[in-house]
Amino acid sequence: LHPSRAKELVKVMKELSQKRSVDILCTTHNPVLINELGNDMIPFISYVKRDSEGNSFIELLEEKDNLAKLMASSTIGGIMTEDKL
């Protein structure tokens, strides 16, 4: 996805979700797309992390212990690309 189209994609997904009264599940590694979701979507954003044994776990972003501090220093996509999750 070209970065210039991320805003439009998020807009269309939100419109379709509201119009059809459905939730949309989306997975991405694109920090620009994640940033376009905006901070109001934090309660709905999950991320995958691995423990020292290589096991994967899905965590809610809003439950990240130091989220407020991380958000003060960067965007959601920035936190992801800076490997702070």
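All residue numbers refer to positions counted from 1 along the written sequence of the respective chain. Only residues with pLDDT of at least 70 get local features here, since the model is predicted, and only at 80 or more are side-chain atom pairs given and counted; chain-wide, interface and lining totals rely on the full set of residues. Note that the side-chain values use all heavy atoms of the structure and ignore hydrogens as well as water.

Asker: Help me understand the pattern of salt bridges, please; the structure alone is not making it clear to me.
Answerer: Any two side chains of opposite charge can pair if their charged atoms end up close together. Here, a salt bridge means any side-chain nitrogen of Lys or Arg that lies within 4 Å of a carboxyl oxygen of Asp or Glu. All chains considered together, the criterion is met by 2 salt bridges. One salt bridge connects K84 with E82, and the closest N-O pair in it is separated by 3.2 Å.

Asker: What am I meant to see in the pairing of strand β2 (residues 56-60) here?
Answerer: Regular strands place side chains that alternate from one sheet face to the opposite one. Here, a strand pair is defined by DSSP locating no fewer than two bridges between the strands. We count a stretch as a helix when DSSP gives it H or I for four or more residues in a row; a strand needs E for two or more, and each element gets its number in order from the N terminus. Pairing analysis gives 5 bridges linking strand β1 (residues 46-50) to β2, with the strands arranged antiparallel. Across the sheet, the residue bridging to K49 is F57, located in β2. Taking the residues between adjacent antiparallel strands as the criterion, β1 and β2 are bridged by 5 residues, where G54 takes a positive phi near 90 degrees.

Asker: Explain the environment of G77 here, please?
Answerer: Structurally, G77 is set in helix α4 (residues 76-81). For the pair G77 and K64, spaced 13 residues apart in the sequence, the C-alpha separation amounts to 15 Å. Beyond its immediate sequence surroundings of up to four residues, G77 is in contact with P31, I34 and N35. Whether two residues are in contact is decided by their heavy atoms, any of which lying within 4.5 Å being enough.

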